[in-house]
Amino acid sequence: MLLRIEASDLPGLECGLPGVRDIHVGVQRRARPGELTGTFPADAPSAVWELEVTATRGESGWDLQGPFVQGGPGGRFVYLSWMSADDAGGFSMFRRAKLLFDGVPPDVLDAAAGHGLLVARLGLTDARGHPLCAAVRPPLVEWSAPAPR
């Protein structure tokens, strides 16, 4: 199944946090905090990530797994990692958002597993104008399973 994360309202390259500049965001690979895929500058108008996940039906519902899915059964999520330019010319992670699957309505997961597409739509700027971080569940994210075209 394809997991498509559609992000808007990025916070910009500078957000007023001390020492944080030239901000970028990407999806972190499982158990590899320094390995990101699809890195976008935080002044982009939007960001979209498409990740392959495996959906397995179990006694307690659907379990999503894949190279970018973190956590154990019943607590799976994807990390959106925020990076800032460092003085050595590289990037350092300074914040992460946990896009938690436990907020996906069961009927949406059923539909997504049926036709192979789960979509998460969210804004990436918090109420203070900073990069979104911590646990992300509805209403901060809208989950859907659009029919294939």
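Preceding this section is the structure that the text describes.
Structure report, in brief.

Thresholds applied
Residues numbered from 1 in each chain as written. Predicted model: local features only at pLDDT ≥ 70, side-chain atom pairs only at ≥ 80, totals over all residues. Heavy atoms only, no water. Phe/Tyr/Trp six-rings, centres within 6.5 Å; stacked < 30°, edge-to-face > 60°. Buried < 20%, exposed > 50% of the residue type's maximum accessible area, 1.4 Å probe, protein only. Lys NZ or Arg CZ within 6 Å of the ring centre and 35° of its normal. Pairing = 2+ DSSP bridges. Helix = DSSP H or I, 4+ residues; strand = E, 2+ residues; numbered from the N terminus. Axes fitted to C-alpha atoms, helices over the stretch in contact; angles between N-to-C directions. Core = buried A, V, L, I, M, F, W, Y, C linked by side-chain atoms within 4.5 Å. Contact = heavy atoms within 4.5 Å. Polar contact = N/O pair within 3.5 Å; in protein donor to acceptor, adjacent residues only side chain to side chain.

**Notes on the packing of aromatic side chains**
Here's step 1: Enumeration according to the criterion identifies 3 aromatic pairs in this entry.
Here's step 2: Plain terms: the ring middles of Phe40 and Trp49 are 5.4 Å apart, the flat faces sit at 90 degrees to each other, and that makes the pair edge-to-face.
Here's step 3: Given a relative accessible area of 2%, Trp49 falls into the buried group.
Here's step 4: In this structure, Arg96 is placed above the aromatic ring of Tyr79, and the distance from its NZ or CZ to the ring centre is 3.7 Å.
Here's step 5: Residue placement shows Lys98 over the ring face of Phe77; its charged tip is 4.5 Å from the ring centre.

**Topic: the sheet that holds strand 7 (residues 77-85)**
Either a parallel or an antiparallel arrangement is found when strands of a sheet pair, and the pairing is made through backbone hydrogen bonds.
Here's step 1: If you trace the 5 strands from one edge of the open sheet to the other, you get 3-2-7-8-10, paired in mixed fashion. Each edge of the open sheet carries a strand with a single partner, namely strand 3 (32-41) and strand 10 (134-136). On average, each strand axis in the sheet is inclined to that of its neighbour by 35 degrees, with strand direction left out of account.
Here's step 2: With 4 bridges connecting them, strand 2 (residues 24-29) and strand 7 associate as antiparallel partners.

**Quick word on the nonpolar core**
Here's step 1: Within the largest apolar cluster, 39 residues are counted, with the highest numbers of intra-cluster contacts made by Leu3, Ile5, Trp49, Leu80, Leu118, Leu124 and Trp143.
Here's step 2: Going through the elements one at a time, strand 1 (2-8), strand 2, strand 4 (46-52), strand 7, strand 8 (91-100), helix 1 (106-115), strand 9 (117-123) and strand 11 (141-144) are the ones with two or more residues in this core.

**Things to note about the environment of Leu80**
Here's step 1: Assignment of secondary structure puts Leu80 in strand 7.
Here's step 2: For Leu80, a relative accessible area of 0% puts it in the buried group.
Here's step 3: With residues up to four places along the chain from it excluded, the contact list for Leu80 reads Ile5, Val25, Gly26, Val27, Trp49, Arg95, Arg96, Ala97, Leu122 and Leu124.

**Some words on the side chain of Ser81**
Here's step 1: Assignment of secondary structure puts Ser81 in strand 7.
Here's step 2: Among the polar contacts made by the side chain of Ser81, one reaches the side chain of Gln28 at a distance of 3.3 Å.

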